[in-house]
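Per-entry structural report
Read off the chains here:
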Amino acid sequence: SNKLKDLIEIKDVNRFLIGSILPDGVTTNYGSKSNSHYKRILDNGKKTFDLNRFRREFRDEILSDDLYLGYYLHLVQDLVNRIMVYDDYNWEPKVPGKVEKLHNDYALLNPYLVEKYKVVKNLELPKSFENEEINKIHLFKAEDLINELKYHFEPYDKGEIFFFTKLMVDEYIERCVDSCIKELERFKN
C-alpha cells in the first residue's frame, strides 16, 4: 500500500494507509470470530475473500473515502498472497510450527521492507474513528493496531528465514501493485 499510494489517486494518505492495515486489526474475545477479511469457502473447499460483498456494502465509500479504498485493496493484496504462497509456492500450513516460522519470516523481513519501500510508522487514527461505518464489519481496535505497528520498526534478528524470502516479498509487492491497479480500474469501470 505504501508503494501504491504513489501510483494511484489518493487524497488522504493517512486514511488510506490506516485502511490498508485495518483488516488485520481485530480482536476475537470470548471465542468469537471476526470476518474482517470477508472470508468464504468455495465449492472446492478453498478459502477466498468475498470482494463482491465488500463492494456491495461499501461501493460509494470505496470511490470517495481512502480509508475504505485502503481496506478494499488490503483484501485484494491478501488474495494475491493466497495465490502466490499456496498455489505458486505450494505452502502447506498444517505442518506443526510452520505458521509460527512464517510469522518469524515476516518479522525478519520488516527492516528490509522499511528501508526498501520507505515505510513510515507515524500513522494517526482518524478523528471519530469509532463512528466510522467500517466498524459495522467489526469493532476495530485501530488504536491498538497503530501502537502495535510501531513494534514492527524495531530491530529483530531471531532465527533465520524459513520460507518467505526477500525475493518472494519483492515479487509479492510487485504482484500486489499490478493486481490492485487492475482491480481499481475494473471497479471504477
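Note that the structure is a prediction, hence the values are computed from the model and not measured.

Some points on the overall build of the protein chain
For the protein chain, the count of helices and strands is six helices and two strands. Along its sequence from the N terminus, the protein chain presents helices and strands in the succession α-β-β-α-α-α-α-α. On C-alpha atoms alone, the protein chain measures out to a radius of gyration of 17 Å, which is about the 16 Å that the 2.2 N^0.38 rule sets for 189 residues. Counting only C-alpha atoms and orienting by the principal axes, one finds that the protein chain spans roughly 45 × 40 × 40 Å. Counting only residues that meet the buried cut, the protein chain has 43% of its 189 residues in that class. Sequence-distant contacts in the protein chain: of pairs separated by 6 or more residues, those separated by 24 or more amount to 74%. Measuring between centres, the 30 positive side-chain charges of the protein chain sit 3 Å from its 34 negative side-chain charges.

Considering the environment of Glu-183
Examined against the element boundaries, Glu-183 turns out to sit in helix H6 (residues 166-188). Here Glu-183 falls in the buried class, since its relative accessible area comes to 9%. Once residues lying within four places of it in the same chain are set aside, the contact partners of Glu-183 are Arg-55, Tyr-72 and Val-76.

Regarding the confidence of the model for the protein chain
Detailed conclusions should not be drawn from predicted coordinates in areas where pLDDT is low. Counting all residues, the mean pLDDT for the protein chain is 91, and 96% of those residues have values of 70 or more. Within the protein chain, no element has a lower average pLDDT than helix H5 (residues 142-149), which sits at 82, and none a higher one than H6, at 97. Between residues 28-32, whose pLDDT stays under 50, and residues either more than four places distant or in other chains, the model counts two contacts.

Topic: the pattern of salt bridges
In a structure, side chains of opposite charge can pair up when their charged atoms sit close to one another. Inspection of every chain in the model, using the stated rule, returns 14 salt bridges. Taking the shortest distance from any N to any O, the salt bridge between Arg-55 and Glu-183 comes out at 2.9 Å. Here Glu-183 lies in helix H6 and Arg-55 lies in helix H2 (residues 51-64), a separation of 128 residues in the sequence. Glu-183 matches Arg-55 in its accessibility class, with the two residues each being buried. Among the ionic pairs, Arg-59 bridges to Asp-60, the shortest N-O distance being 3.9 Å. Taken together, the shared-partner salt bridges in this structure form one network comprising Arg-15, Asp-65 and Glu-132.

What counts, and where the lines are drawn
Residues numbered from 1 in each chain as written. Predicted model: local features only at pLDDT ≥ 70, side-chain atom pairs only at ≥ 80, totals over all residues. Heavy atoms only, no water. Helix = DSSP H or I, 4+ residues; strand = E, 2+ residues; numbered from the N terminus. Rg over C-alpha atoms; globule rule 2.2 N^0.38 Å. Buried < 20%, exposed > 50% of the residue type's maximum accessible area, 1.4 Å probe, protein only. Contact = heavy atoms within 4.5 Å. Lys, Arg positive; Asp, Glu negative; His and termini not counted. Charge placed at Lys NZ, Arg CZ, Asp CG, Glu CD. pLDDT = per-residue confidence, 0-100. Salt bridge = Lys/Arg side-chain N within 4 Å of Asp/Glu carboxyl O.

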